[in-house]
Amino acid sequence: MASSTLSPLSRADGSAQYSFNGYSVLCAVNGPMEAQRRDELPEEAVVDVAIIPATGIAGVTSKHLESIVQKALRQIVLVAAHARSLIQITLQIIATPESDHQPARLHQSFSSIAVLPALLQASILALLSTSIPLCMFTNLTSVAVGANGDVALDPSVEEVDAATSLHVIGFSSQGDLLIAESEGSFNIATWEQVSDIAGTVCWGDLTRDNGLQVSKFWKHELNCESTLRTKISQWYSKSTG
Amino acid sequence: MPREAELSVNERAFVLEALKEDVRLDGRSLDAFRDVRIAFGDEYGTADVSMGKTRALARISASITAPNPDRKFDGIFTITTELSPMAAPHFEIGRQTDAEAHLSLLLDRSIRRSSALSTESLCLVAGSKVWLLVCTIHILDHDGDLLSAACIAAIAALSHFRIPDTSIHGGELTVYSAQERNPIPLALLHWPFCVSFAVFEGGEKMIVDAALREEQCSEGEVVVTANKSGEICAISKQGGVPTDALVLLGCVDTAVEKVRVLDEIVRKALDLDATQRDVGGLMAELRAENAR
């Protein structure tokens with residue numbers, strides 16, 4: 001089950017920790033602050049994303065993830081509201097799921113995009129904690145497709161290893177497709193099936209019946225909402241009492 | 001943000017005036033540490049240490065590599081530190097600040113060069129295969145005295161880490177997963193801890209574990225690394241006002257006393273974690289290490 005903490009850090013303007021499916025990500029947001037002259041954009045805010053892996057130094061994988069997260073967050077943050085400024089997002093991966101059957105840490109094969117849902121949910125919570133205006137919310141899920149076409153939602157490390165393709169699909173709160181990242185080999189039909197399932201998981205569209213038992217409707221959103229509600233009521237009781 | 005905002009004149013005067021009367025901002029005595037809290041992760045080898053608002057996360061990872069040609073029997077152990085904008089907005093990714101260089105240098109000197117970890121124990125096949133052990137320390141929140149927090153995190157993570165068990169049959173190396181054989185703890189020879197002193201009043205007054213605001217108006221820093229047997233592993237005094245030899249001796253005495261307390265805190269946290277993991281009391285049977 002997902003769990004999240006709002007504002008665990010003191011120095012950053014806003015922060016959040018989000019854990020789901022074995023992944024745990026800590027996000028710090030600083031901004032809006034002065035952008036360096038060479039980075040500054042005349043009509044919108046620069047969204048700068050940095051991902052720090054749990055071990056070792058940032059390599060090609062985290063740069064790739066950074067570009068995906070940056071593109072998605074640029075659509076979510078109201079960048080036009082903070083022209084010529086910088087919103088700096090730092091994501092620290094705290095924990096990644098471990099395989100029981102492989103010697104710890106010798107195991108490198110599993111995919112990089114499986115961490116995306118945790119990265120984006122953590123950044124959105126942290127942006128909210130910084131009070132940066134957003135134009136929408138997003139919900140993501142990861143789906144692994146096995147060799148014989150079986151579909152696993154929020155797959156474990158073993159399921160990812162056994163899968164022929166892995167997909168991370170995210171929808172905005174308006175129900176539009178926001179992120180579609182896939183790895184492995186698959187065809188159009190598989191992708192459409194996966195995107196249907198992901199749509200159902202992300203926004204609980206019950207009219208579509210694809211014979212899949214989805215017990216985690218609204219999982220990310222419910223959790224984020226309850227975290228926000230608890231925090232706000234804490235602040236409120238502090239300021240009034 | 002290229003550099004940190006400096007303290008205002010008023011704030012500086014307030015901190016210094018209070019220190020003249022031996023009063024610290026958070027009400028601690030001059031030689032008191034903030035409360036040290038240690039949380040271990042679900043997997044072995046992660047330790048999250050908070051001291052007041054300062055927070056450091058250490059994580060150990062192991063992989064197999066070839067040794068240095070001139071040190072065939074030694075495994076490789078490195079410590080890397082990272083200061084990201086998460087800790088404080090003026091740190092930049094990919095650009096090393098003086099603070100970061102200073103931190104990694106002192107950690108390396110305190111832990112690696114004091115041979116806290118026996119690198120011989122990381123050797124698998126002499127000359128061809130050794131463990132490469134990397135301790136990555138992420139600073140999550142910066143409120144002064146990063147060094148002590150980072151050092152406690154590193155030691156806690158190292159003593160929490162379990163390395164996969166291996167065997168060699170006919171020149172073939174097998175690495176066992178946690179399910180096949182219980183992983184074994186590292187051979188730590190001693191636990192060094194850093195105690196940092198911020199220098200005030202021209203080298204006359206020393207305070208332990210300075211918070212950020214105290215650090216910003218201090219006149220220098222002295223770091224003493226010691227272990228609980230009272231052995232001094234490193235003393236560092238880089239720049240700042242000159243310090244009298246007798247004052248320095250006083251620092252060493254205080255440091256040894258503080259290190260014993262820190263050692264006890266880490267040991268207690270480890271014991272607590274071990275009892276939480278030891279469901280059904282099976283851990284003793286699963287141990288694969290030799291009883292020495």
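Residues numbered from 1 in each chain as written. Chains lettered and ligands numbered in written order. Predicted model: local features only at pLDDT ≥ 70, side-chain atom pairs only at ≥ 80, totals over all residues. Heavy atoms only, no water.

Here we look at empty space enclosed by the protein
All names here are of chain A.
Here is step 1 of the chain: Following the criterion strictly, the structure yields 2 cavities of 30 Å³ or more and no others.
Here is step 2 of the chain: Lining the largest cavity we find 10 residues, and of these Tyr23, Ala114, Pro155, Ser156 and Val160 sit closest to its centre.
Here is step 3 of the chain: Every residue lining the second largest cavity is listed: Phe20, Asn21, Tyr23, Ala114, Pro117, Ala118, Ser142 and Asp154.
Here is step 4 of the chain: Its residues assigned to classes, the lining of the second largest cavity shows 5 nonpolar, 2 polar and 1 charged. (1 Å grid on protein atoms, 1.4 Å probe; cavity = no way out; pocket = protein on both sides within 12 Å on 5 of 7 lines; lining within 4 Å. Points joined across faces, edges and corners; volume = space filled by probe spheres on them. Nonpolar A, V, L, I, M, F, W, Y, C, P; charged D, E, K, R; others polar.)

Describing the side chain of A:Gln17
Here is step 1 of the chain: Along the chain, A:Gln17 turns up in strand β2 (residues 14-20).
Here is step 2 of the chain: A polar atom in the side chain of A:Gln17 sits 3.0 Å from the side chain of A:Ser24.
Here is step 3 of the chain: Look past the residues within four positions of A:Gln17 in its chain and what remains in contact with it is A:Ser3, A:Ser4, A:Thr5, A:Pro8, A:Ser24, A:Val25, A:Leu26, A:Ile94 and B:Arg55. (Helix = DSSP H or I, 4+ residues; strand = E, 2+ residues; numbered from the N terminus. Polar contact = N/O pair within 3.5 Å; in protein donor to acceptor, adjacent residues only side chain to side chain. Contact = heavy atoms within 4.5 Å.)

Points about the nonpolar core
Here is step 1 of the chain: Ranked by size, the top nonpolar core spans 68 residues in total, and within it B:Ile111, B:Leu133 and B:Ile137 carry the most contacts.
Here is step 2 of the chain: Filtering out sequence-adjacent residues up to four positions away, B:Ile137 remains in contact with B:Ala56, B:Leu57, B:Ala58, B:Ile79, B:Thr80, B:Thr81, B:Glu82, B:Leu107, B:Ala150 and B:Ala154.
Here is step 3 of the chain: Among the nonpolar cores identified, the runner-up in size contains 51 residues, and A:Cys27, A:Ala45, A:Val77 and A:Leu134 belong to it. (Core = buried A, V, L, I, M, F, W, Y, C linked by side-chain atoms within 4.5 Å. Buried < 20%, exposed > 50% of the residue type's maximum accessible area, 1.4 Å probe, protein only.)

A closer look at the confidence of the model for chain B
Here is step 1 of the chain: Chain-level statistics for chain B give a pLDDT mean of 91 and a share of 96% at 70 or above.
Here is step 2 of the chain: Scoring the predicted complex yields pTM 0.90 and, for the interface, ipTM 0.89. (pLDDT = per-residue confidence, 0-100.)

Quick look at the environment of B:Asp108
Here is step 1 of the chain: Tracing the chain through its elements places B:Asp108 in helix α2 (residues 98-112).
Here is step 2 of the chain: Sequence-distant contacts of B:Asp108, defined by excluding residues within four places in its chain, comprise B:Ile79 and B:Arg113.

Points about the sheet that holds β2(A)
All names here are of chain A.
Here is step 1 of the chain: The strand order β1-β2-β3-β5-β4 describes an open sheet built from 5 strands, whose pairing is mixed. In the strand order of this sheet, the two ends are held by β1 (3-6) and β4 (46-52), each with one partner. Taking each pair of neighbouring strands and ignoring which way they run, the sheet shows an average axis angle of 15 degrees.
Here is step 2 of the chain: In the sheet, β2 pairs with strand β3 (residues 23-34) via 7 bridges, with the strands oriented antiparallel. Following the sheet pairing, serine 19 is matched in β3 by serine 24.
Here is step 3 of the chain: Each of β4 and β5 (85-95) is contacted by helix α1 (residues 60-76), which is oriented at about 145 degrees to β4, the strand it contacts most.
Here is step 4 of the chain: Along the sheet face, helix α2 (residues 116-129) touches β1, β2, β3, β4 and β5 and points at about 150 degrees away from the line of β2. (Pairing = 2+ DSSP bridges. Axes fitted to C-alpha atoms, helices over the stretch in contact; angles between N-to-C directions.)

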